[in-house]
Amino acid sequence: MNTRLPGWALSENRKAITFRDKKGIGTLKLKGTYDLNHYNIKQIKRVRLVRRADGYYAQFAVDVDIKVETQPTLQVVGIDLGLKYFIADSKGSVEPSPQFYRKSEKQLNRANRKKSKKFSPARKKAKTRQSSNYHKARVRYARKHLRVSRQRKEYCKRVAHSVIQSNDLVAYEDLNVKNMVKNRHLAKSISDAGWSTFRQWLEYFGHKYGKVTVAVPPHNTSHNCSNCGEKVKKSLSTRTHVCPHCNYVADRDLNASINILRLGLTTVGHTGSYAWGDLPSWAVGASLLSNGESVNQEFPL
Ligand SMILES: [Zn+2]
């Protein structure tokens, strides 16, 4: 639940915020490690209160020139988002899939079952409030979910940062993850790995460090031979690319990532898939934990 709030003011030390609207929120203490003193007050474009399963957050959208100058690495890379690996690159290295979701899946399922057991259809029919046990179970489930999504975000952020740091150009496939998740066989691994989160961070860090990020059309990148260009059809389970035309043999993902890099290099300057304005607010702003209790009482969302 997000609420746009008009008038607000920060305290002198910027560790508290006062809302001047009529909802009676008043002054909230800001917890967390971010320091708003780094910014000119005019850079703060928007403040929102965001409710998460574990409390309320004040979200600040800060208009800041994030560009950081770096030395060229003289490296380019193509990356293949895989099922066997999280990513495989054209240099032959792989990043294994994160298993945290799978690990917490049992816990999540259990919490979800508990929640369902405590749900009363009779109460719903009568339009009365569900039991407090139901609400407790619902909150427990939501918190577990939040923890997993934060783990995934941290993981994607770390991998994306390291890819951007070690290359001047990064090419990857312009995948429609939504469509792929519809395919049940792939669904778990893909949503698990959080490709779209990874891509957002890749493009964010690319912008920040002045690196080129190119999304290329994903057609035949795993079939075409990266050595001679001939098409070599293979099923999803075929892990090795063996070219009958030029005898080139390579791991399926390596072959694909080389194709992706080549496509990236040939389309740079023509493909602008990245719209800066689309950047999610978490990437530009800083979230600060607010004093949840007082909001909880005075600001029913
Ligand atoms: Zn070939």
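These numbers were taken from a predicted model, which means no experiment stands behind them.

## Quick notes on the overall build of the protein
Logical step 1: A count of helices and strands for the protein gives 9 helices and 14 strands.
Logical step 2: The buried share of the protein, taken over its 301 residues, is 41%.
Logical step 3: Nonlocal contacts in the protein, meaning residues at least 24 apart in sequence, comprise 63% of its contacts between residues at least 6 apart.
Logical step 4: For the protein, the computed accessible surface area is about 17600 Å², with 49% contributed by carbon and sulfur atoms.

## Focus on unusual backbone geometry
Logical step 1: You will see that Arg14, though not glycine, has its phi angle at about 60°, which is positive.
Logical step 2: For Arg14, the position within the fold is in the loop between strand S2 (8–10) and strand S3 (16–19).
Logical step 3: Of the residues examined, Arg14 reaches a relative accessible area of 18% and is grouped as buried.
Logical step 4: The backbone of Asn220 sits at a positive phi, close to 60°, despite the residue not being glycine.

## Examining helix H6 (residues 195–208)
Logical step 1: When the terminal C-alpha atoms of H6 are compared, their 20 Å separation across 14 residues agrees well with the 20 Å that a helix rising 1.5 Å per residue should span.
Logical step 2: For H6, the set of buried residues is Trp195, Thr197, Phe198, Arg199, Trp201, Leu202, Glu203, Tyr204, Phe205 and Gly206.
Logical step 3: Positioned one or two residues after H6, Gly210 has a phi angle of 65°, which is positive.

## Re the confidence of the model for the protein
Do not read the predicted coordinates in detail wherever pLDDT is low.
Logical step 1: Summing up the model confidence of the protein, the mean pLDDT is 80 and the portion of residues at 70 or higher is 80%.
Logical step 2: Element-level mean pLDDT values for the protein span from 27 in helix H9 (residues 292–298) up to 96 in strand S12 (residues 240–242).
Logical step 3: Here residues 274–301 is modelled with pLDDT under 50, and outside its nearest four sequence neighbours on either side it reaches 66 contacts, counting other chains as well.

## Comments concerning the coordination of the zinc ion
Logical step 1: The protein atoms donating to the zinc ion are Cys225 (SG), Cys228 (SG), Cys243 (SG) and Cys246 (SG), with metal-donor distances spanning 2.2 to 2.3 Å.
Logical step 2: The coordination sphere of the zinc ion comprises 4 donor atoms, whose angles at the metal cover 107 to 114°; the geometry is tetrahedral.
Logical step 3: Since its relative accessible area comes to 26%, Cys246 is described here as partly exposed.

## Overview of the sheet that holds strand S8 (residues 85–89)
Logical step 1: Spatially, the 5 strands line up as an open sheet ordered S9-S8-S7-S10-S11, and their pairing is mixed. Lying at the two open borders of the sheet, with one neighbouring strand each, are strand S9 (94–96) and strand S11 (212–216). This sheet shows a mean twist of 20° between the axes of neighbouring strands, independent of strand direction.
Logical step 2: Pairing of strand S10 (residues 169–173) with S11, which is carried by 5 bridges, proceeds in the parallel orientation. Along S11, the bridge assignment pairs Ala171 with Val214.
Logical step 3: Helix H7 (residues 252–267) contacts strand S7 (76–81), S8, S10 and S11 of the sheet and is inclined by roughly 125° relative to S7.

## Regarding the UniProt feature "domain: C2H2-type" (unreviewed entry) in the protein
Logical step 1: The residues that UniProt annotates with the feature "domain: C2H2-type" (unreviewed entry) are residues 225–245.
Logical step 2: Split by type, residues 225–245 is 0% helix and 14% strand. Its first and last C-alpha atoms lie 9 Å apart.

## Thoughts on the nonpolar core
Logical step 1: Grouped together as the largest cluster of nonpolar side chains are 24 residues, with contacts concentrated most on Phe86, Val170, Phe198 and Leu202.
Logical step 2: When residues of this core are traced back to their parent elements, those giving at least two are S7, S8, helix H3 (132–165), S10 and H6.
Logical step 3: Setting aside residues no more than four positions away along its own chain, Leu202 makes contact with Ile79, Ala160, Val163, Ile164, Val170, Tyr172 and Thr213.
Logical step 4: One finds Phe19, Leu28, Ile44 and Val47 within the second-largest nonpolar core, a separate group that totals 14 residues.

## Here's the deal with the sheet that holds S3
Logical step 1: Pairing is antiparallel across the open sheet formed by 3 strands, whose spatial order is S2-S3-S4. Of all strands in the sheet, those with a lone pairing partner are S2 and strand S4 (26–29), marking the two edges. Across the sheet, the axes of successive neighbouring strands diverge by a mean angle of 20°, strand direction being ignored.
Logical step 2: One ladder, built from 4 bridges, connects S3 with S4; its direction is antiparallel. Following the sheet pairing, Ile17 is matched in S4 by Leu28.

Reading guide: rules and limits
Residues numbered from 1 in each chain as written. Predicted model: local features only at pLDDT ≥ 70, side-chain atom pairs only at ≥ 80, totals over all residues. Heavy atoms only, no water. Helix = DSSP H or I, 4+ residues; strand = E, 2+ residues; numbered from the N terminus. Buried < 20%, exposed > 50% of the residue type's maximum accessible area, 1.4 Å probe, protein only. Contact = heavy atoms within 4.5 Å. Areas by Shrake-Rupley, 256 points an atom, 1.4 Å probe, with all protein chains shown as cover. Expected span 1.5 Å × (residues − 1). pLDDT = per-residue confidence, 0-100. Donors = N, O, S within 2.8 Å, 3.2 Å for Na, K, Ca; no water. Tetrahedral: all angles 85-135°; square planar, octahedral: opposite > 155°, others 65-115°. Pairing = 2+ DSSP bridges. Axes fitted to C-alpha atoms, helices over the stretch in contact; angles between N-to-C directions. UniProt positions renumbered as here; feature names shortened; annotations may be inferred. Core = buried A, V, L, I, M, F, W, Y, C linked by side-chain atoms within 4.5 Å.

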